[in-house]
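Fold and contact review
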Amino acid sequence: MSDSDGPHGHGDTVFAIQRPGQVKVFSLREAEAVFPLVRVITAQAYDELAPVLDAMRASVENRAALTRYEGDYEAIVQRWINKMERLGVVVSGLWLIDFDTGDGYVCWRYPEAALSFYHGHDQGFGQRRPLLDILREHPPGWATAGEAGE
C-alpha cells in the first residue's frame with residue numbers, strides 16, 4: 001500500500017492530536033505530511049463560510065438576522081481554529097497558519113497550493129520569504145531532518 005492509499009486519502013500517516021494551545025515543532029517532512037489534511041479542512045471551512053458571508057452582506061439592515069449569521073460565522077471559524085490547533089499548527093489569522101520549525105515558521109495561507117514560504121519567529125506574514133530561498137541559502141536542520149529534533 002502506498003502512502004496515498006490510506007483509508008482517508010492521507011496515506012498511512014498517523015497525526016498526533018495536540019492539546020489546545022500545545023504547539024508542535026515540525027520538520028519540513030512532517031509539515032508536508034500534514035499539509036494535505038490542513039488544506040482539506042481549510043477548504044471545507046472556507047466553503048462553509050462563503051454562504052454565511054453572503055447572507056451577512058444581504059442582512060446588513062436586519063440586526064436580528066445579522067446577529068444570527070455572526071454566530072454562524074464565529075462557530076465555523078472557531079471549529080476551524082480548533083482543528084488546526086489539534087494538529088499542532090499555529091493559527092496566525094483567518095485561513096493563515098504557521099508550522100513552527102523551532103527557529104521560525106513555514107507559513108501557509110489558503111488557497112496557496114503548497115508550503116512555499118518561511119518567516120522567523122520575530123517576523124510576520126509581511127516578512128515571509130520563499131521557502132526555496134531559505135533552503136538554498138543555508139539548509140536548516142528542520143528541512144533535512146526526517147523528524148523534528150533529529
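Procedures and definitions
Residues numbered from 1 in each chain as written. Predicted model: local features only at pLDDT ≥ 70, side-chain atom pairs only at ≥ 80, totals over all residues. Heavy atoms only, no water. Pairing = 2+ DSSP bridges. Helix = DSSP H or I, 4+ residues; strand = E, 2+ residues; numbered from the N terminus. Buried < 20%, exposed > 50% of the residue type's maximum accessible area, 1.4 Å probe, protein only.

With an unreviewed UniProt entry as reference, the protein chain is termed DUF2203 family protein, source organism mine drainage metagenome.

**A few points about the pairing of strand 4 (residues 117-120)**
Pairing geometry for strand 3 (residues 104-109) and strand 4, over four bridges, is antiparallel. Within strand 4, the position partnered with Tyr 105 by the bridge is His 119. Note: strand 4 against strand 5 (residues 129-130), two bridges, orientation antiparallel. In the strand pairing of strand 5, Phe 117 is matched with Pro 130.

**Some details on the pairing of strand 2 (residues 96-100)**
Among the five residues of strand 2, five are classified as buried, and the element is accordingly described as predominantly covered. Every second residue of strand 2 is oriented toward a common face, with Leu 96, Asp 98 and Asp 100 on one face and Ile 97 and Phe 99 on the other, all of them buried. Relative to strand 2, strand 1 (residues 90-93) runs antiparallel, the two sharing three bridges. Paired with Gly 93 across the strands is Leu 96, a residue of strand 2. A loop of two residues connects strand 1 with strand 2, the two strands running antiparallel in sequence, and Trp 95 in this loop sits at a positive phi of about 65°. Sheet topology places strand 2 next to strand 3; five bridges connect them, and they run antiparallel. Directly across from Phe 99, in strand 3, lies its bridge partner Val 106. Where strand 2 hands over to strand 3, the hairpin turn is made up of three residues, of which Gly 102 adopts a positive phi near 100°.

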